[in-house]
Amino acid sequence: MGSVLGSRKFREIFFQALVLSIVAALLIAMVMNTRASLEAQSLTTGFGFLERSTGWDFSFSVLPYSISDSYSKTILIGFLNTLLLGFLGISLATIIGIAIGLIRTSKNTLFAMLGTVYVEIFRNVPLILQAIFWYSIVSHLPKPRQAYSIGDAVFLSGRGLYFPVFNIAIWSVAIMMLLVVAWLFFLPWLRERLNHSHSYHLIKRSGWLLLPVILLAIAYFARVPDTPLLNMPALKGLNFKGGMRMPPELSALVIAIALYGGAYIGEVVRAGLMSVPKGQIEAGFVNGLKPFHIFSRIRLPLAIRAVLPSLTNQYVQLMKATTIGIVIGFSDLFMIISTSINQSGQTLELLAILMIGFLIINLSIAFVMNTINKKIAIKGYEVKS
Amino acid sequence: MANTPTTLPPTIPLTHTIKQNLFSSPFNTLVTLLTAAFFITITYKFVDWAFISSIWSTEDEPLCKEATGACWSVIDARHRIIFFGLFPYEEHWRSTLACVVMIATIIASCVPWFWSTAKLSTLWLLGFCTFYILMHGGLFGLSVITPERWGGLALTIFIFAAVSIIGMPLSIVLALGRRSKLPVIARLFGLFIDFFRSLPLLTILFTAAVITPFLLPGWLQGDKLYRVIAGFAIFFACYQAENIRAGLQAIPPGQDEAGLTLGLSYMQRVTRIQLPQAFRNSLPAIVNQFVITFKETSIVTIVGFFEILASGSAAFGTGKWTVYYIEVYVFIAAIYFIFVFSLSRYGAYLERKLRVGHG
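Residues numbered from 1 in each chain as written. Chains lettered and ligands numbered in written order. Predicted model: local features only at pLDDT ≥ 70, side-chain atom pairs only at ≥ 80, totals over all residues.

Enquirer: Looking at this structure, I do not really get the overall build of chain A. What am I missing?
Expert: When its secondary structure is counted, chain A shows 12 helices and eight strands. Scaling as 2.2 N^0.38, a compact globule of 385 residues should have a C-alpha radius of gyration of about 21 Å, whereas chain A reaches 27 Å, well beyond that. Across its three principal axes, chain A shows a C-alpha extent of roughly 80 × 75 × 50 Å. Considering chain A as a whole, with its 385 residues, one finds that 30% of them fall into the buried category. Restricting the contact set of chain A to residue pairs at least 6 apart, pairs at least 24 apart contribute 70%. (Helix = DSSP H or I, 4+ residues; strand = E, 2+ residues; numbered from the N terminus. Rg over C-alpha atoms; globule rule 2.2 N^0.38 Å. Buried ≥ 20, exposed ≤ 12 C-beta atoms within 10 Å, placed from the backbone. Contact = placed C-beta atoms within 7 Å.)

Pasting the structure below:
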């Protein structure tokens, strides 16, 4: 008996069971305490409140909404707003990042310094300060009457950015996007089946030609009846009517995330380009490739493979950073949830929804990037980033 | 330390390097000239705006409407609110001195002479206590000023220092816990770290500020500021723990096994063999985490604290100063820039130095 108690194995199991039960006890105590304090405020727990209408307004929505919408719909709108902001910000940040990465790896020291200065300025000032800065710049732009305009189609004023859109139903946009995604996934599958044969190239070429035609046809049939296909913004009285509006909050956040993220992604891209072994480039040079081909056929493909993991990381970070939108009143998931908590008092439930929302976003980014990473990996070749 | 090579490499004349680098082809020359023109224009415009055509003193504020440059009068008039927030006017010297002490502590901990557990913890405890006594008062005849009235730069520095001083030891515990040989412990710590890393910092600060009163019994709640600092410290520790874990993983297993053979206990192996090498391995990443944390202190403004970003917004919030928001934001950005840039340069310097050390 004594030998069993004294044995190392037993002590280890006992210790772990003890820790586990302490953690479980703490969690249970926390839940009990929460229930007690919620009951003291006569609030019922559970997700029933999601069907109640909210009764409060918020600043921006990608879908049509009203203040009598249910909590579930309002939260969904917040989620979509976060996705939109993240998508716009990250896309622009990636473009800026690639440009900065290329500039910084230029052989011309002076030109490379341009990239360095950019990175040091935008990376060393907090994102939230940059967001507030751009917001005050955008909202101090001239009134709609004195708006800056590009060809009387795009208008930039203190009310935000107005630009023309197609007068088509939302469901058709979803169908179009599905179609494009399906096509992009179909191509590699087909390539493997037909093994780069002549018929593959035929299908590929005709597909690329047909795709825009099909998309235009869908757009034509799905347009809102009795309206022109293109909805142009125009000045009516004190403000613009028609077109699509990108409010100052969203514009400022997109600018801030694009510039800030661009600095970080620029560093990732630079590291990727630098990680390509010199021998690879010299081999291309010896084989008589032109500098452009050395870049497009050797450096870039290898660099893309090297940066994907750190790029995934940056995307997740930027996605999380969108939550600071609340500071200038952009109604993203976080702002909607915190307003909901204030209004309904369903603290734990709403917090759980917030966490699940971010978990879904982060896992999706990681899943997509990892899939790409696996698809493009070169067997037996690994660049160290 | 470095071996002096017996034959020095041939020296390339500077003019040749410049020519190769900047004027190797007509296109390259064009790029150089355009970049130079861009730099000169931007620098000139900025210097003109900030220094030449700018207005400096409070009394000259009426001139700002005609001036093409910055109106620094707003800083001259309102710098006390930016730096000190709502701290009582006649006690501002305490806030200044506290900031100086803390900054000196941060600088001192960058000096390798201090890099031992005993020295670093003494330094930080001393620095932190001095800071706290100066700010809070109640000792040595200083009047008591409660944290609700702290603000501006001092609050930013206080949050940064408190998060570091709590988060750093916690991160070591988390990193070691995650690498524990006991599966339940390793899983639990892993779950804890990954959970906090998957959430935005703002959600954690918000939970700590607004929601913890529901979760914790009254006697455990404490002041809102301390709850937010605790949440921030946990978040910081989870990220820092992953940096330290990366450093621990890079140590060859033979090191630990050698310690085991010599009969060293777990604590001895951790403190004498594992941690010193782990810190050396991931020092740049660890410093980088401090850099990020300093920037992220600005997020506490959202949960209602009067740190330098919020006090800056208050500085141009009244009367005739409302139009000078750009000047104030540039001023605050410059303050952040000085801190963050110097810290990140220091990190880059360490990275270079350590790489040389590895040969």
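Enquirer: Which parts of the structure should I look at to understand the packing of helix H3 (residues 71-104) of chain A against helix H4 (residues 109-123) of chain A?
Expert: Helix packing for two helices is described by the angle between their axes and how far apart those axes are. All names here are of chain A. Contact geometry of H3 with H4 gives a least axis separation of 7 Å together with a crossing angle of 135°. The angle between H3 and H4 places the two elements in the oblique class. In this structure, the crossing between H3 and H4 has a hand that is left-handed. Residues Ile-100, Ile-103 and Arg-104 of H3 lie in contact with H4, whose contacting residues are Phe-111, Ala-112, Leu-114, Gly-115, Thr-116, Tyr-118 and Val-119. (Axes fitted to C-alpha atoms, helices over the stretch in contact; angles between N-to-C directions. Parallel < 35°, antiparallel > 145°, perpendicular 65-115°, else oblique. Left-handed = near helix turned anticlockwise from the far one by under 90°.)

Enquirer: Would you explain the interface of chain A and chain B in this entry?
Expert: When the parts come together, some accessible area is lost, and that loss is often what is quoted as the size of the interface. Taken together, the 39 residues of chain A in the interface contact 37 residues of chain B. Residue assignment for the side of chain A that touches chain B shows that the elements contributing at least two residues are helix H2 (8-40), H4, helix H5 (127-139), helix H11 (333-344) and helix H12 (347-376) of chain A. Sort the elements by how many residues they give to the side of chain A that touches chain B and H2 of chain A lands first, with 10 residues. Among the residues making up the side of chain A that touches chain B, the classes are represented as 23 nonpolar, 12 polar and four charged. (Nonpolar A, V, L, I, M, F, W, Y, C, P; charged D, E, K, R; others polar.)

Enquirer: Would you mind showing me how to read the pairing of strand S3 (residues 160-163) of chain A here?
Expert: Every regular strand shows the same layout, with side chains that alternate between the two sheet faces. Residue and element names in this part refer to chain A. Where strand S2 (residues 154-157) lies against S3, three bridges are found, and the strand directions are antiparallel. In the sheet register, Leu-156 faces S3, and the bridge partner there is Leu-161. In textbook terms, the turn of a hairpin is the stretch between consecutive antiparallel strands, and for S2 and S3 this stretch comprises two residues. As paired strands, S3 and strand S8 (residues 244-246) are joined by three bridges and run antiparallel to one another. Each residue of the ladder has a partner; that of Leu-161, found in S8, is Met-246. (Pairing = 2+ DSSP bridges.)

Enquirer: Help me understand the domain arrangement of chain A in this model?
Expert: Domain annotation of chain A identifies domain 1 (2-42), domain 2 (47-135 + 249-385) and domain 3 (165-231). For domain 2 of chain A versus domain 3 of chain A, the distance between C-alpha centres works out to 26 Å. (Domains from an automatic or database assignment.)

Enquirer: Honestly, H5 of chain A in this entry has me stumped. Any pointers?
Expert: Residue and element names in this part refer to chain A. The first and last C-alpha atoms of H5 sit 18 Å apart over 13 residues, in line with the 18 Å expected at 1.5 Å per residue. H5 sits mainly inside the fold: 10 of its 13 residues count as buried. Taken residue by residue, H5 has Leu-127, Ile-128, Leu-129, Gln-130, Ala-131, Ile-132, Phe-133, Trp-134, Tyr-135 and Val-138 as its buried positions. (Expected span 1.5 Å × (residues − 1).)

Enquirer: Looking at this structure, how should I read the sheet that holds strand S1 (residues 148-150) of chain A?
Expert: Strand pairing in a sheet takes place through backbone hydrogen bonds and is either antiparallel or parallel in direction. Residue and element names in this part refer to chain A. If you trace the four strands from one edge of the open sheet to the other, you get S1-S2-S3-S8, paired in antiparallel fashion. Taken across any chain shown, the strands that pair with only one partner, and hence form the sheet edges, are S1 and S8. Neighbouring strand axes in the sheet, compared pairwise and without regard to direction, differ in orientation by 15° on average. With three bridges joining them, S1 and S2 adopt antiparallel strand pairing. In the sheet register, Ser-149 faces S2, and the bridge partner there is Phe-155.

Enquirer: What am I meant to see in helix H3 (residues 73-84) of chain B here?
Expert: Structural remark: α-helix, 3.6 residues per turn; residues separated by three or four positions point the same way. Listing the buried residues of H3 of chain B in full gives Ser-73, Val-74, Ile-75, Arg-78, Ile-81, Ile-82, Phe-83 and Phe-84 of chain B. Once H3 of chain B finishes, Gly-85 of chain B follows within two positions and takes phi at roughly 60°, a positive value.

Enquirer: What should I look at first to understand the confidence of the model for chain B in this one?
Expert: Low-pLDDT portions of the prediction should not be read for the details of their coordinates. With 97% of its residues at a pLDDT of at least 70, chain B reaches an overall mean of 83. As a predicted assembly, this complex carries a pTM of 0.84 together with an ipTM value of 0.85. (pLDDT = per-residue confidence, 0-100.)

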